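Observations on chain architecture
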Amino acid sequence: MYKRAVVIPIRSDMDPQLRSINGKIAGLSAAKPHCDIYAAFSLVAQLAAEAINAAEELQQMPGASVDLLQPTLEFWRRVRDSNYAAALACAGGNQTLAEALVTFRFLRNVAGEDV
């Protein structure tokens, strides 16, 4: 499996509480088992992108019905977008305090840690 460094730019106008929690999340995501959670979401997003490419290639084939593949494309796009957003959240890229708190609790609960 591949290892990729996650760099999340921190906006200077970000709420101090949000910045603090995103920092804690980024710190958690650097170590096991939390990095595995990020990797899982990231991998699913990447695989969904591959499925989208395959469906788009099928649409280009002679005699292929674009309308028949449209629901499949929409499904895989939702899967890709949702998992990309989850990976970003698990890396500390949350936009709101509520998102950050939910992500922090999620990571701690999955690892079996008391919050």
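Residues numbered from 1 in each chain as written. Predicted model: local features only at pLDDT ≥ 70, side-chain atom pairs only at ≥ 80, totals over all residues. Heavy atoms only, no water.

Further remarks concern the environment of phenylalanine 41. Locating phenylalanine 41 in the fold gives a position in helix H2 (residues 34-59). Residue phenylalanine 41 is classed as partly exposed on the basis of its relative accessible area, which comes to 22%. Sequence separation between phenylalanine 41 and leucine 88 is 47 residues; the distance between their C-alpha atoms is 8.8 Å. What phenylalanine 41 contacts, discounting residues up to four positions off in sequence, is Asn83, Ala86, Ala87, Cys90 and Phe106. (Helix = DSSP H or I, 4+ residues; strand = E, 2+ residues; numbered from the N terminus. Buried < 20%, exposed > 50% of the residue type's maximum accessible area, 1.4 Å probe, protein only. Contact = heavy atoms within 4.5 Å.)

This brings us to the pattern of salt bridges. A complete count under the given rule lists 3 salt bridges for this structure. Across the pair aspartate 36 and lysine 32 runs a salt bridge, and its minimum N-O distance is 3.0 Å. Since its relative accessible area comes to 57%, lysine 32 is described here as exposed. Where aspartate 81 meets arginine 80, a salt bridge forms, and the shortest distance between an N and an O atom there is 3.0 Å. Note on aspartate 81: relative accessible area 43%, which makes it partly exposed. Taking relative accessible area as the criterion, arginine 80 reaches 28% and is therefore assigned partly exposed. (Salt bridge = Lys/Arg side-chain N within 4 Å of Asp/Glu carboxyl O.)

Counting residues in each nonpolar core, the largest one holds 13 residues, and the members touching the most others are Ile21, Ile25, Tyr38, Cys90, Ala100, Phe104 and Leu107. Taken together, the elements giving at least two residues each to this core come down to helix H1 (16-29), H2, helix H3 (66-90) and helix H4 (97-110). Ranked by the residues each element gives to this core, the list is headed by H1, at 4 residues. Aside from chain neighbours lying at most four places away, what touches alanine 100 is Leu18, Ile21, Asn22, Ile25 and Asn94. (Core = buried A, V, L, I, M, F, W, Y, C linked by side-chain atoms within 4.5 Å.)

On to H1, then. With 14 residues, H1 ought to run about 20 Å at 1.5 Å a step, and its terminal C-alpha atoms sit 20 Å apart, in line with that. What H1 keeps buried is the set Leu18, Ile21, Asn22, Ile25, Leu28 and Ser29. Each buried residue of H1 lies within a common arc of 115 degrees when the element is viewed along its axis, so the set occupies one face. For H1, exposure combined with an orientation more than 90 degrees from the buried face picks out Pro16 and Lys24. Its buried side turned inward, H1 meets H2, H3 and H4. (Expected span 1.5 Å × (residues − 1). Arc of directions from axis to C-beta.)

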